[in-house]
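Per-entry structural report
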Amino acid sequence: EWQPVDEAHPLPVQVGDEGEPWETLPIEIPGIGVAAAYATGEAFGTGFWITVPPKGYIDSLTFLDPDNEGIAKTIYLFKTEITVSADNAAFTPVRADLVSGRPLQINLTAADYVTHTGGQMATVTAIGLPYEAPDGRLWVRLVTRGADSIAAGALPLVSFGGSRRR
């Protein structure tokens, strides 16, 4: 069953009963500067909310890279919207962001990517990262670990999968 989209939950997520898996649809990462020259440690796009069950585990993450660059990324998940680091600027969360709830981190390495005719895809599985999201959503920020330069029409997408818990 897909949860309805509303202002508090802008992206749909499929949810089930206790212990059952959930997943998001692939989400185009907003705010990426087309043809901008990124450097390692810079915010990659702007932040966005994903809808999740209130308690669960992040079990998998898939990053779709139609631009075929295969550059490592760090994905951060927060309970609250953090202080804004502009796209293509140093990712600099402040102390208040880091203590406003347990921030979560998932790393994609260059070795996680597989090349396809339509670009590259990286999937990390068996993450088992517990989270609590009382509002049923998590704020996502991506950071590049290399020198991206995204072509027009080749914006990357990310999706998450997990399971519910008590």
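Each value, and the rule that gives it
Residues numbered from 1 in each chain as written. Predicted model: local features only at pLDDT ≥ 70, side-chain atom pairs only at ≥ 80, totals over all residues. Heavy atoms only, no water. Salt bridge = Lys/Arg side-chain N within 4 Å of Asp/Glu carboxyl O. Helix = DSSP H or I, 4+ residues; strand = E, 2+ residues; numbered from the N terminus. Buried < 20%, exposed > 50% of the residue type's maximum accessible area, 1.4 Å probe, protein only. Pairing = 2+ DSSP bridges. Axes fitted to C-alpha atoms, helices over the stretch in contact; angles between N-to-C directions. Phe/Tyr/Trp six-rings, centres within 6.5 Å; stacked < 30°, edge-to-face > 60°. Lys NZ or Arg CZ within 6 Å of the ring centre and 35° of its normal.

**Remarks on the pattern of salt bridges**
Overall, the coordinates contain two salt bridges when judged by the stated rule. K73 serves as the salt-bridge partner of D148, at 3.0 Å between the closest nitrogen and oxygen. Taken together, the residues D148 in the loop between β11 (137-144) and β12 (157-164) and K73 in strand β6 (residues 73-78) connect sequence positions 75 residues apart. Classification of D148 as buried rests on a relative accessible area of 3%. The salt bridge partner of R165 is E132, with a shortest N-O separation of 3.8 Å. Residue R165 is located in the segment after β12, and its partner E132 is located in strand β10 (residues 129-132); the two are separated by 33 residues in the primary sequence. On the basis of relative accessibility, which here comes to 36%, the residue E132 falls in the partly exposed class.

**Concerning the pairing of β12**
In regular strands, side chains alternate between the two faces of the sheet. With respect to burial, β12 is a largely interior element, six of its eight residues being buried. Inspection of the sheet shows strand β2 (residues 21-24) paired to β12 by three bridges, in the antiparallel sense. Its bridge partner lying in β12, E23 is registered against G161. Inspection of the sheet shows strand β3 (residues 27-28) paired to β12 by two bridges, in the antiparallel sense. Counterpart to I27 in the pairing with β12 is V158.

**Digging into the sheet that holds strand β7 (residues 104-108)**
Here we have four strands laid out as an open sheet, ordered β4-β11-β6-β7, and antiparallel in their pairing. The open sheet has two edge strands with one neighbour each: β4 (48-51) and β7. Ignoring which end each strand starts from, the neighbouring axes of this sheet average 30 degrees apart. The pairing of β4 with β11 spans four bridges and is classified as antiparallel. Following the sheet pairing, T51 is matched in β11 by R137.

**Notes on the packing of aromatic side chains**
Under the definition given, this model contains six aromatic pairs. Between W49 and W139, the aromatic rings sit 5.2 Å apart at their centres with planes inclined by 65 degrees, giving edge-to-face as the arrangement. Highlighted residues: W49 in strand β4 and W139 in strand β11, separated in sequence by 90 residues. Exposure remark for W49: the relative accessible area of 12% places this residue in the buried category. W139 gets classed as buried once you look at its relative accessible area, which sits at 8%. Summarising the aromatic geometry, the rings of F63 and Y113 are spaced 6.2 Å apart at their centres and angled 85 degrees between planes, so their arrangement reads as edge-to-face. Taken together, the residues span a long stretch of sequence, with F63 in strand β5 (residues 55-65) and Y113 in strand β8 (residues 113-116) at a distance of 50 residues. As far as burial versus exposure is concerned, F63 and Y113 are alike and both buried. Directly above the ring of Y57 sits R165, whose terminal nitrogen or CZ lies 5.5 Å from the centroid.

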